[in-house]
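For reference, the chains in residue letters:
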Amino acid sequence: MRVLSGIQPSGKLHLGNYLGAMKQHLELQHEHECFFFIANYHTLTTVQDRERLLELSRDVALDYLALGLDPGKVNLFYQSDIPEVTELTWILSTVTGKGLLDRATSYKDKIARGITPSMGLYSYPLLMAADILIYRSDLVPVGKDQLQHIEMAQDMAGYFNNTFRCEVLKRPEPKLNEAPVVPGLDGQKMSKSYGNTIPLFDTAKNTRKRIMSIKTDSRTVEEPKDPDGCSIFALYRLLAGPNETAELAERYRAGGMGYGDAKKALAEVVEQLLGPARERREELAADPAQVDSILHSGAVRAREVARVVLSDVREAAGLAGTF
Ligand code: AMP
Ligand code: TRP
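Just so it is clear, the structure is predicted and the values come from calculations on it, not from any experiment.

This part takes up the overall build of the protein. Looking only at helices and strands, the protein has 13 helices and five strands in total. For 323 residues, the compact-globule formula gives about 20 Å, and the C-alpha radius of gyration of the protein, at 22 Å, lands near that figure. Partitioning the intrachain contacts of the protein with sequence separation of at least 6 by distance along the chain shows that 78% fall at a separation of at least 24. Side-chain charges in the protein split into 39 positive and 43 negative, and the spacing between the mean points of these groups amounts to 3 Å.

Every one of the 13 residues lining ligand 1 counts as a neighbour, but Gly-16, Asn-17, Gly-20, Val-182 and Met-190 are closest to it. For ligand 1, whose free accessible area comes to 480 Å², the fraction covered by protein is 73%. Residue classes in the shell around ligand 1 are distributed as five nonpolar, six polar and two charged.

Moving on: unusual backbone geometry. One non-glycine residue, Arg-136, adopts positive backbone phi at about 45°. Locating Arg-136 in the fold gives a position in the loop between helix H7 (119-133) and strand E4 (139-142). According to the relative accessible area criterion, Arg-136 is partly exposed, its value standing at 25%.

Domain boundaries in the protein define domain 1 (2-181 + 288-317) and domain 2 (201-282). With eleven residues of domain 1 at the interface, the matching set in domain 2 holds ten residues. Taking both partners together, domain 1 and domain 2 bury about 940 Å²; carbon and sulfur atoms supply 71% of that area. In terms of surface lost to domain 2, no three residues of domain 1 exceed Leu-15, Leu-19 and Ala-66, which account for 48% of the buried area on that side. Two residues, Arg-281 and Asp-63, come together in a salt bridge whose shortest N-O distance is 2.7 Å. Summed over the shared surface of domain 1 and domain 2, the number is three residue pairs in polar contact (both at pLDDT 80 or more). Elements represented by at least two residues in the side of domain 1 that touches domain 2 include exactly helix H1 (15-28) and helix H3 (50-66). In terms of residue count, the dominant contributor to the side of domain 1 that touches domain 2 is H3 (five residues). Of the residues belonging to the side of domain 1 that touches domain 2, the class tally is eight nonpolar, one polar and two charged.

Turning to the nonpolar core, a few remarks are in order. With 55 residues, the main nonpolar core has Leu-67, Leu-200, Tyr-252 and Leu-266 as its most contacted residues. For this core, the leading source of residues is helix H12 (residues 259-285), giving ten residues. Residue contributions to this core reach at least three from each of two domains, namely domain 1 (2-181 + 288-317) and domain 2 (201-282). Leaving out residues up to four positions away in the same chain, Tyr-252 has contacts with Pro-224, Lys-225, Asp-226, Pro-227, Cys-230, Ile-232, Phe-233, Met-257, Tyr-259 and Ala-262.

Another point: the pairing of strand E2 (residues 33-38). The element E2 is extensively covered by neighbouring structure, given that five of its six residues are classed as buried. Of the strand pairs in this sheet, strand E1 (residues 2-7) and E2 are connected by six bridges, and their pairing is parallel. In the strand pairing of E2, Val-3 is matched with Cys-34. With H1 bridging E1 and its parallel neighbour E2, the resulting β-α-β unit is right-handed. In the sheet, E2 pairs with strand E3 (residues 74-78) via five bridges, with the strands oriented parallel. Residue pairing across strands places Ile-38 opposite Tyr-78, the latter belonging to E3.

Moving on: the packing of H7 against helix H8 (residues 147-163). At a minimum axis distance of 9 Å, the contact between H7 and H8 shows a crossing angle of 70°. For the element pair H7 / H8, the angle class is roughly perpendicular. Seen from H7, the contacting residues are Tyr-124, Pro-125, Leu-126, Met-128, Ala-129, Ile-132 and Leu-133; seen from H8, they are His-149, Ile-150, Met-152, Ala-153, Met-156 and Ala-157. Taken together, the residues that form the contact of H7 with H8 break down as twelve nonpolar, one polar and no charged.

The next subject is the site of ligand 2. As a structural note, the neighbourhood of ligand 2 is formed by 13 residues, with Gln-8, Tyr-124, Met-128, Asp-131 and Gln-146 the closest of them. One of the side-chain N or O atoms of Tyr-124 is found 2.7 Å from a nitrogen atom in ligand 2. Interatomic distance of 2.8 Å between a side-chain N/O atom of Asp-131 and a nitrogen atom of ligand 2. Burial of ligand 2 by the protein chains amounts to 88% of its free accessible area of 370 Å². Of all elements in the fold, only E1, H7 and E4 reach the threshold of two or more residues within the shell around ligand 2. Counting residues per element, the shell around ligand 2 draws most heavily on H7, which supplies four residues. Of the residues in the shell around ligand 2, the class split is seven nonpolar, five polar and one charged.

Conventions we followed
Residues numbered from 1 in each chain as written. Chains lettered and ligands numbered in written order. Predicted model: local features only at pLDDT ≥ 70, side-chain atom pairs only at ≥ 80, totals over all residues. Heavy atoms only, no water. Helix = DSSP H or I, 4+ residues; strand = E, 2+ residues; numbered from the N terminus. Rg over C-alpha atoms; globule rule 2.2 N^0.38 Å. Contact = heavy atoms within 4.5 Å. Lys, Arg positive; Asp, Glu negative; His and termini not counted. Charge placed at Lys NZ, Arg CZ, Asp CG, Glu CD. Near = heavy atom within 4 Å. Areas by Shrake-Rupley, 256 points an atom, 1.4 Å probe, with all protein chains shown as cover. Nonpolar A, V, L, I, M, F, W, Y, C, P; charged D, E, K, R; others polar. Buried < 20%, exposed > 50% of the residue type's maximum accessible area, 1.4 Å probe, protein only. Domains from an automatic or database assignment. Buried area = accessible area lost by both parts, 1.4 Å probe. Salt bridge = Lys/Arg side-chain N within 4 Å of Asp/Glu carboxyl O. Polar contact = N/O pair within 3.5 Å; in protein donor to acceptor, adjacent residues only side chain to side chain. Core = buried A, V, L, I, M, F, W, Y, C linked by side-chain atoms within 4.5 Å. Pairing = 2+ DSSP bridges. Right-handed = clockwise from strand over helix to strand, strands pointing away. Axes fitted to C-alpha atoms, helices over the stretch in contact; angles between N-to-C directions. Parallel < 35°, antiparallel > 145°, perpendicular 65-115°, else oblique.

Rendered as C-alpha cells:
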C-alpha cells in the first residue's frame, strides 16, 4: 500500500498540527510505503517571500524528523524537486471541467475571507490531484477539510482514463484523521490565524509561558471544576495516558486544585513530548548537509516513480517527444 500526504510550509507548526495530522503520519510509517512531501508549490500561492519560503520549507523537514519521522522508512522530499508534477497538472487541466473547480469549497471560503485569488489558488485542486496521481498513491491521510480535494483527484483520474481509454491513473482513497479538533489557548480551534497556538518548537520557557496563559473560567481553587469543556484538560487528555487523565479528572471534580496546577501538569506532558524532540531538532539543524541528503534521497525515489507515471500519461495522451 502506498501512502502519500503533503504538508504545506505555510507557518510554524503547532500542537494542533501534530495531534491532528503529523502523529497519524508518523504512525503510518511503520505499516506502509510512505511518500510525505513539503508542499512548497502550494504555499507559493500565499507566501511570496523567497527567504521565508525557504526557511519555512526547511522547518517542516526538521520538525518531522525531530518528531520521529524515520528517513529509512519514509520518502520525505520537497514538492518542487519533482517538476513532473506540474506537467501532470497541466494535462489534468485539459480533461477537467471548469465547473468542478468552481465548486471547490476551500477556494470559496478563501474568497469569502477577502483573499484576492490568483490563478494558482484557483487551480490548487489540480496541483493537489497531480501530487496524488503521479505516485499512483493508494491512500491519502488528510484532515476533513481536504476531503473534497481527494474526491476531485478521484474524478480527475477517471476523466483522464476515460478520455484516453486507458487505466493509467490510479484512483486514490482518502484516510480521514480521526483526531478531534485541538483547542488553542482561547478555547477556539488551535490555528495560526487565531494567534492561539502552542508552537511545537519554541524554547521550553516560552512553551511553558504559552501554556500558563490558557484562558479559564474564574472558579476559585477550592471549587470543584468540570474537566469537560476545559481546554487545559482537553489538551492534557490528548497527550497523557488514560490513567493520568483519569487522575487529573478526579482532581478537577474534587475541588482544591487551581487551574494553575492543571496547567503545570499539562506543561509537563508537553515537555515530555517536545523536550527530546527539541534536542534532536537542534542536532539536525546544526547539520544541514544531512537534512539535505535525506530530502534528496526521498526526492530521487519519488522522481523515479513520477517519471514512469508521467511517461505512461504522455504515451496515453499522444504527446510526442524526441528525448
Ligand atoms: P493547516 O495548516 O491549518 O491547514 O493544518 C494542516 C493540518 O493540520 C490540517 O489538515 C489538520 O489535519 C491539522 N490541524 C491543524 N490545526 C488543527 C487543530 N486545531 N486540531 C486538529 N487538527 C488540526
Ligand atoms: N492541501 C493540503 C493542505 O493544505 C496539502 C497537500 C498538498 C496535500 N498536496 C497534497 C495533502 C496531496 C495530501 C495529498 O493541508
